[in-house]
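Coordinate inspection notes
Letter by letter, the chains look like this.
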Amino acid sequence: MARGSAVAWAALGPLLWGCALGLQGGMLYPQESPSRECKELDGLWSFRADFSDNRRRGFEEQWYRRPLWESGPTVDMPVPSSFNDISQDWRLRHFVGWVWYEREVILPERWTQDLRTRVVLRIGSAHSYAIVWVNGVDTLEHEGGYLPFEADISNLVQVGPLPSRLRITIAINNTLTPTTLPPGTIQYLTDTSKYPKGYFVQNTYFDFFNYAGLQRSVLLYTTPTTYIDDITVTTSVEQDSGLVNYQISVKGSNLFKLEVRLLDAENKVVANGTGTQGQLKVPGVSLWWPYLMHERPAYLYSLEIRGKGFDWPLLVKDFNLLRWLGANAFRTSHYPYAEEVMQMCDRYGIVVIDECPGVGLALPQFFNNVSLHHHMQVMEEVVRRDKNHPAVVMWSVANEPASHLESAGYYLKMVIAHTKSLDPSRPVTFVSNSNYAADKGAPYVDVICLNSYYSWYHDYGHLELIQLQLATQFENWYKKYQKPIIQSEYGAETIAGFHQDPPLMFTEEYQKSLLEQYHLGLDQKRRKYVVGELIWNFADFMTEQSPTRVLGNKKGIFTRQRQPKSAAFLLRERYWKIANETRYPHSVAKSQCLENSLFT
Ligand code: GCB
């Protein structure tokens, strides 16, 4: 047992209570403590893609039985990263099928000899289906990228006085099918006058490159054999006191004593408790509050992590840019981000709409029972992982599903209801681009989130129409549902360095003018029922190749290298202005004071 295990939330987050997860066990972020050790396996792994016609040679030849180099050539592959961007072999960039990763590890003797130690292998994410062997033994399988999974491997490593060398083999399949999330289809092209025999392509229905591999950290960690498996924290405020309800799940034994200590940001104990559940009271609490929170829940901003391969320097740069802009929120479009990103949001006071990989639900056949079941399971995994983050203010179960279909209406109703049963304390939404009169999922959401691209995907160049069309959009939706609305996407493709005045599409001037028109429209409704605006997108990002994408999606306010386009300065002015107005509603003259106080 982690003696005196501390429940260390300096921050008070939204309420979450009675979480009814169907999943077995918790998924706490591994942290070192006097009773827990971590061993990160980031770095170089051996790698091979299975280029055989049926992509199954690895299974037929049982590559996991022996070191990978014994069954054929391997290449170096960094973990975490997406394998697509690393090699000069174009076939790997577009590879669909099984890839194999392997890493040997030497374990400390106390991990293998002390039977009171539990050894766990944890994979931060593997996109999309993964099978894991430890020393050739089938140990773990997981479906779905973007979320962590783990297995207790004590039995495999505590096998007597053997050398403490461990071989971890992970086979990952990135194929997207009608029942994966996101879904996709494999299309065989059978006209032999155009395509070689057996030729197929992976079709996807979303707008980002299907990067794959071990994109987040892999690690080993230990716990005692009696251990804390999960913690659920919910909070509330009573006058100037913070109330922290906790529920702790202990596994391995019924014989334990649990001391609970609540630490503040400076590691000072601010409250104590005992037992697996209870309430801690913190008098004179300073509440977690979103950075630059306005009178409305959010003024939001969307963020993309390069190739999904987790990378600290890029992450810190992105948060510096968010602060520079004065943005206070984003949506995890369109899949859960790394846990380290969520921790940064807690620390920097950035509000998050936590979106699952329910993107590309574009075809009727994607709304089937198998997918529905998997989608619910994914929401369980998202809520289990992120429930204790104060930054999370809402769950999003999907982006732009074909929500005009009857079958989609039922499907969304079920996923939303399930998510609410997992976390009754937070609102749930999905992001719609359907017509207000046709949308079958909107009745079930708490907040309406809308994507629209006026004067971009239609009425090309006609910026003068934006205000009218935006007002119509808001009024129609509000009249029908009377729910708060977030403009969850708007923007324009912009190639940095393209200039034209008067503005033409693809230039920096056009992006700026388009945003200005949207902002005029948003300001009309901002103090009424529109509670957020998220520009698409924070930075340019890679997509599949197509005639409408010039080396990826260029709707970023920053380039993929994180340099500002002209619109970034416009936004910076707008966000700081809104922040100052809403923080100091009676003295707009203080225009720079907030900015200065935050940066000195
Ligand atoms: C959308 C999608 C987003 C795309 C964007 C675009 O509506 O939600 O994934 O990247 O439009 O730029 O077309």
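For the structure, see preceding data.
Heads up: these notes are all about the structure in this document. (Residues numbered from 1 in each chain as written. Predicted model: local features only at pLDDT ≥ 70, side-chain atom pairs only at ≥ 80, totals over all residues. Heavy atoms only, no water.)

**Quick notes on the pattern of salt bridges**
Side chains carrying opposite charge are able to pair once their charged atoms draw close together. Test applied: The rule for a salt bridge is simple: a side-chain nitrogen of Lys or Arg has to be within 4 Å of a carboxyl oxygen of Asp or Glu. By the criteria applied, helices consist of DSSP H or I runs no shorter than four residues and strands consist of E runs no shorter than two, each listed in order from the N terminus. Think of it in three bands: residues with accessible area under 20% of the maximum for their type are buried, residues over 50% are exposed, and the middle band is partly exposed, with areas taken using a 1.4 Å probe on protein chains only.
On inspection of all chains with the given rule, the structure shows 31 salt bridges. Measuring nitrogen to oxygen at the nearest pair gives 3.0 Å for the salt bridge that ties Glu104 to Arg165. Taken together, the positions of Glu104 in strand β5 (residues 98–106) and Arg165 in strand β10 (residues 165–173) put the pair 61 residues apart, joining distant regions of the chain. Here Glu104 falls in the partly exposed class, since its relative accessible area comes to 35%. Its relative accessible area of 49% is what places Arg165 among the partly exposed residues. In this structure, the salt-bridge partner of Glu259 is Lys257, at a minimum N-O distance of 3.2 Å.

**Comments concerning the site of the ligand**
How we decide: To be near a molecule or strand, a residue needs just one of its heavy atoms within 4 Å of it. Whenever two N or O atoms come within 3.5 Å, that pair is a polar contact, provided that in protein one can donate a hydrogen and the other can accept it, and provided that, for residues adjacent in sequence, both atoms are side-chain atoms. In this description, accessible areas are obtained by the Shrake-Rupley approach with a 1.4 Å probe, and a residue is regarded as covered only by the protein chains that are shown. Charged residues are taken to be Asp, Glu, Lys and Arg, nonpolar residues to be Ala, Val, Leu, Ile, Met, Phe, Trp, Tyr, Cys and Pro, and polar residues to be all remaining types, Gly included.
Lining the immediate surroundings of the ligand are 13 residues, of which Asp207, Glu400, Tyr457, Glu489 and Lys555 lie closest. Between an oxygen atom of the ligand and a side-chain N or O atom of Asp207, the distance comes to 2.5 Å. Separating an oxygen atom of the ligand from a side-chain N or O atom of Tyr453 is a distance of 3.4 Å. Contact with the protein chains covers 92% of the free accessible surface of the ligand, which is 320 Å². Taken together, the residues of the shell around the ligand sort by class into four nonpolar, four polar and five charged.

**Some details on the pairing of strand β24 (residues 485–489)**
Rule in force here: DSSP calls a pair of strands paired once it identifies at least 2 bridges connecting them. Every crossover in which the path from the first strand over the helix to the second runs clockwise, viewed with the strands pointing away from the viewer, is termed right-handed.
With five of its five residues buried, β24 lies for the most part within the structure. For strand β23 (residues 448–451) and β24, the ladder comprises four bridges, and the chain directions are parallel. Within β24, the position partnered with Leu450 by the bridge is Gln487. Since β23 and β24 lie parallel, the crossover through helix α9 (residues 466–481) that links them has a hand, and here it is right-handed. One ladder, built from three bridges, connects β24 with strand β25 (residues 530–533); its direction is parallel.

**Here's the deal with the sheet that holds strand β14 (residues 227–238)**
The criterion, for reference: All axes here are fitted lines through C-alpha atoms, helices being fitted over the stretch that makes contact, and every angle between N-to-C directions spans 0 to 180 degrees.
Reading across the sheet, the three strands line up as β14-β15-β18 and stay open at both edges, with antiparallel pairing between neighbours. Strands at the two margins of the open sheet, each flanked by one partner only, are β14 and β18 (277–282). Pairwise comparison of adjacent strand axes, ignoring direction, gives a mean angle of 20 degrees for this sheet. By the bridge criterion, eleven bridges tie β14 to strand β15 (residues 241–251) in an arrangement that is antiparallel. Counted as the bridge partner of Thr232 is Gln247 from β15.

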